Amino acid sequence: MGVLAITAACTPKPEDYPSKIAAQRALKDEMFTSSPESPVPADKKAAFVPLAYFPVDELYAVPAALEPAAQRTRLKVPTSTGQIRDIERIGTLKFTVKGQTMRLTAFHELDQPQVTRLFVPFADLTNGTETYSAGRYLELDPTPTGIYVIDFNVAYHPYCYYNAEYDCPYPPKENRLEMPIRAGERLRKGESSIP
């Protein structure tokens, strides 16, 4: 399959895409507002919900090739509660955003018995000013082709941002991008980047 075919197969249709993202965001707001599983404490819901986002930008939804790790290795990463958590490297996602070639390591959280989703924590140059200082997350469903869609429009703040009781791993050094990713969840104007 050629690059153009892969891109066409992995890129959402332009006419459907903004509506799809808007619907996902509305569902998340509803869950955060009314679900008993919401990470937001009841007394803070008015301060966080509705969540704030960058405008949808389809240039931040790009195909990525996963290069599986030759040998899966574990990495110890610090967490928001001062703990250390083991995560396992699955492979490296290679992609291009706005003309810049990038790579992010995809991980598996070891508290999950099987690899059902790829965990991609990342940091970028918006952290601490426009987004949560500790970074954001992506989760990707495995595909049989090894071609994924990295969609930063669905990047989200970890739950420890809303509630300090959650234990969230920080993005490792290898997943710190040297550019601003102005897509996905962001801070509200005037909102603190420190939980």
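Above: the structure in question.
In short, a report on the structure. Nothing here was measured: the structure is a model prediction, and the numbers come from that model. The residue numbers shown here count from 1 along each chain, following its written sequence. A pLDDT threshold of at least 70 governs which residues receive local features in this predicted model, and a stricter bar of 80 or more applies before side-chain atom pairs are shown or counted, although totals over entire chains, interfaces and linings include all residues. With hydrogens and water set aside, each side-chain value is computed from the structure's full complement of heavy atoms.

Some words on the pattern of salt bridges
Oppositely charged side chains can pair when the atoms bearing their charge come close.
So, step 1. Salt bridges are identified by distance alone: a Lys or Arg side-chain nitrogen within 4 Å of an Asp or Glu carboxyl oxygen. Considering all chains together, one arrives at 12 salt bridges under this definition.
So, step 2. Here Arg-85 and Asp-167 are joined by a salt bridge, their closest N and O atoms 2.8 Å apart. Of this pair, Arg-85 sits in strand S4 (residues 84–97) while Asp-167 sits in the loop between strand S8 (147–151) and strand S9 (185–186); the two residues are 82 residues apart in sequence, bridging distant segments of the chain.
So, step 3. Taking relative accessible area as the criterion, Asp-167 reaches 28% and is therefore assigned partly exposed.
So, step 4. A salt bridge links Glu-174 to Arg-89; the nearest nitrogen and oxygen atoms lie 2.8 Å apart. Of the two residues, Glu-174 is situated in the loop between S8 and S9 and Arg-89 in strand S4; the sequence distance between them amounts to 85 residues.
So, step 5. Partly exposed describes any residue whose relative accessible area lies between the buried limit of under 20% and the exposed limit of over 50%, with all areas from a 1.4 Å probe on protein chains only and scaled to the type maximum. Residue classification places Glu-174 among the partly exposed positions, given a relative accessible area of 33%.
So, step 6. You can call Arg-89 partly exposed: its relative accessible area is 22%.
So, step 7. Through salt bridges with shared partners, a single network forms among Arg-85, Glu-109 and Asp-167. Helix numbers and strand numbers start at the N terminus; a helix is a DSSP run of H or I with at least 4 residues, a strand a run of E with at least 2.

Focus: the pairing of strand S3 (residues 74–78)
So, step 1. Here S3 shows a buried face lined by Leu-75 and Val-77 and an unburied face lined by Arg-74, Lys-76 and Pro-78.
So, step 2. Taken together, the 5 bridges between S3 and S4 define a ladder with antiparallel strand orientation. Within the sheet, the bridge partner assigned to Leu-75 lies in S4 and is Ile-87.
So, step 3. The pairing criterion for strands is at least two bridges between them, as found by DSSP. As consecutive antiparallel partners, S3 and S4 are separated by 5 residues, and within that stretch Gly-82 has a phi angle of approximately 85°, a positive value.

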